[in-house]
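Results of the structural survey
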Amino acid sequence: MASPRSLAANPIPDWKWSPREKAVARKAFDLALSRELESAIQETKARAARIGSASELWELERWLRERRREIDGTFDFRYSVLPLVFASLLRNGQLREDELHGLALEKLESIRYIARR
């Protein structure tokens, strides 16, 4: 088990991901991304239903571009940054800790530590 001091010094060491952990990580990532995209779809539909002018149409287009940038910036499935992604998703309520069940304890502790920062 990693100590808080070692986590503070290097919260994301050069981790090796087992095949099982890779599967758990992919499932959790895809689940959170699916939720986020569904939320964006619902919000887009609601905004589109309220459009009454050309300027509102272009405002929707600007909003969609910004949402895409936010989503693309948040959801990055590179193993080197995945702990940061999971920590951010946990902090923002987009992922639950139990959805990471199956990751090594060291990884979970680091993700929890980063999420609390």
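It should be noted that the structure appears before, not after, this text.
A brief structural summary. No experiment lies behind these values; they were computed from the predicted model shown.

Residues Leu 82, Phe 86, Leu 95, Leu 100 and Leu 103 are the most contacted members of the largest nonpolar core, which totals 26 residues. Every element with two or more residues in this core is listed here: helix H2 (19-49), helix H4 (82-91) and helix H5 (105-116). The contact partners of Leu 100, leaving out residues within four places of it in the chain, are Val 24, Ala 28, Phe 86, Leu 90, Leu 95, Leu 108 and Ile 111.

With respect to the helices, strands and loops of the structure, Leu 84 is situated in helix H4. Through-space distance from the C-alpha of Leu 84 to that of Ser 110 is 9.2 Å; in sequence the pair is 26 residues apart.

On to H4, then. Burial runs high along H4: eight of the 10 residues are buried. Three or more residues of H4 are buried, namely Leu 82, Pro 83, Val 85, Phe 86, Ala 87, Ser 88, Leu 89 and Leu 90. Buried residues in H4 make contact with H2, helix H3 (54-74) and H5. Gly 93 sits one or two positions beyond H4 and adopts a positive phi of about 75°.

With that settled, the discussion passes to the packing of aromatic side chains. Following the criterion strictly, the structure yields five aromatic pairs and no others. Each ring, one from Phe 29 and one from Phe 77, has its centre 5.0 Å from the other, and the planes form 70°; the classification is edge-to-face. Taken together, the residues Phe 29 in helix H2 and Phe 77 in the loop between H3 and H4 connect sequence positions 48 residues apart. Each member of the pair Phe 29 and Phe 77 is classed as buried. Seen from their ring centres, Phe 77 and Tyr 79 are 5.2 Å apart, and the 65° between their planes marks the pair as edge-to-face. One aromatic cluster is present, formed by Trp 15, Trp 17, Phe 29, Phe 75, Phe 77 and Tyr 79 through successive ring pairs. The cationic tip of Lys 107 hangs over the ring face of Trp 17; the distance from NZ or CZ to the ring centre is 5.0 Å.

About the cut-offs
Residues numbered from 1 in each chain as written. Predicted model: local features only at pLDDT ≥ 70, side-chain atom pairs only at ≥ 80, totals over all residues. Heavy atoms only, no water. Core = buried A, V, L, I, M, F, W, Y, C linked by side-chain atoms within 4.5 Å. Buried < 20%, exposed > 50% of the residue type's maximum accessible area, 1.4 Å probe, protein only. Helix = DSSP H or I, 4+ residues; strand = E, 2+ residues; numbered from the N terminus. Contact = heavy atoms within 4.5 Å. Phe/Tyr/Trp six-rings, centres within 6.5 Å; stacked < 30°, edge-to-face > 60°. Lys NZ or Arg CZ within 6 Å of the ring centre and 35° of its normal.

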